[in-house]
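# Structure at a glance
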Amino acid sequence: MTVSQDEGFALRDRLGAGEKITVTLRLDVPEVTNVQTAWTKATLPGASDEEIIILTHTDGYFQAATDNNSGMAGTLELARHYAAFPRAQRPRTLVFIQFPDHHHGEIARGRKDVGIDATYNWKNVALKLTMEHPSETLLYMYNGDLTATNAMSASRWSAFGSPEFERMTLDQLRDFGVSVYGVEDGPKNGNYAPSFHIINHVVYHTSLDTHELVPNEGMSRSIRAFASIIDKVNTMTLSQLRGPNFPPKDPRGTLLGPIGQ
């Protein structure tokens, strides 16, 4: 159930005036059975069997331009970029896993070896990257409504691994012009391997989730930053990426705050 902004303001004003409001809701939902779905796993072999896993959910609401068409587009661009190199120049194998149930359904977590739960061979994984919401227009509340700007929104971010890995990740996001703010949660899809992600999340799951609010410049900055992080990860050993006490006790990692304090 979604309450629009206009409806929310109307409810706020009436409740603020002391009115008692009763909402009656009836939801008739037919049971849907035997619906086929699928997940995909594509492998780009590298010079070693150590892996970098890139996870992307393929479902979305409304037009889903941010969540998660933008993540899917970024994943395809990373695949195209690294496929252009000879295998010998890819230090690690790249594994691209796409699933249709937003990180938490039977495909993502309920099937062996999909690559999200504990059944996967995580000891061999150098990096786990979740691709979603990499670009969104900066919005402001103005005169009781949302207004778009010509700037890009800052992203919630998370890095999880050794302090060296986490600092490198934050530095690359900064150097490529990807603005971030405070870490609020742990890595997407579990703390099984060194991980990072960014996520814009203002317009997603709403009818505002259209391509007009996904700026190309934001996509370019984010995906270039991701590629640079992958390249730098490929210069580090598994032990350097994990550190001596993996996983960190705090699910948010060891660097907290928008500037990694």
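Report follows, based on the coordinates. Every value quoted in this text rests on a predicted model; they were computed, and no experiment measured them.

This brings us to the overall build of the chain. When its secondary structure is counted, the chain shows six helices and nine strands. Principal axes of the C-alpha set define a box for the chain whose edges measure 65 × 45 × 35 Å. Within the chain, the proportion of its 261 residues that are buried is 44%. Pairs at least 24 apart in sequence give 82% of the contacts found in the chain among residues at least 6 apart. Put simply, the chain shows about 14,100 Å² of open surface, and 53% of that area lies on carbon and sulfur atoms.

Mapped onto the fold, Thr56 is located in strand E2 (residues 51-57). Among the polar contacts listed, one links the side chain of Thr56 to the side chain of Thr75, at a separation of 2.8 Å.

The next point concerns a nonpolar patch on the surface. There is a patch of nonpolar side chains on the surface, built from Val3, Leu11 and Leu15 and spanning about 240 Å² of accessible area. On the secondary structure map, Leu15 appears in helix H1 (residues 5-16).

The next point concerns H1. For H1, spanning 12 residues, the distance from its first C-alpha to its last is 16 Å, which sits close to the expected 16 Å at 1.5 Å a residue. Gly18, located one to two residues past H1, shows a positive phi value of around 90°.

So, how was this worked out
Residues numbered from 1 in each chain as written. Predicted model: local features only at pLDDT ≥ 70, side-chain atom pairs only at ≥ 80, totals over all residues. Heavy atoms only, no water. Helix = DSSP H or I, 4+ residues; strand = E, 2+ residues; numbered from the N terminus. Buried < 20%, exposed > 50% of the residue type's maximum accessible area, 1.4 Å probe, protein only. Contact = heavy atoms within 4.5 Å. Areas by Shrake-Rupley, 256 points an atom, 1.4 Å probe, with all protein chains shown as cover. Polar contact = N/O pair within 3.5 Å; in protein donor to acceptor, adjacent residues only side chain to side chain. Patch = residues over 30% accessible without salt bridge, like charges linked within 9 Å, V, L, I, M, F, W, Y side chains within 5 Å. Salt bridge = Lys/Arg side-chain N within 4 Å of Asp/Glu carboxyl O. Expected span 1.5 Å × (residues − 1).

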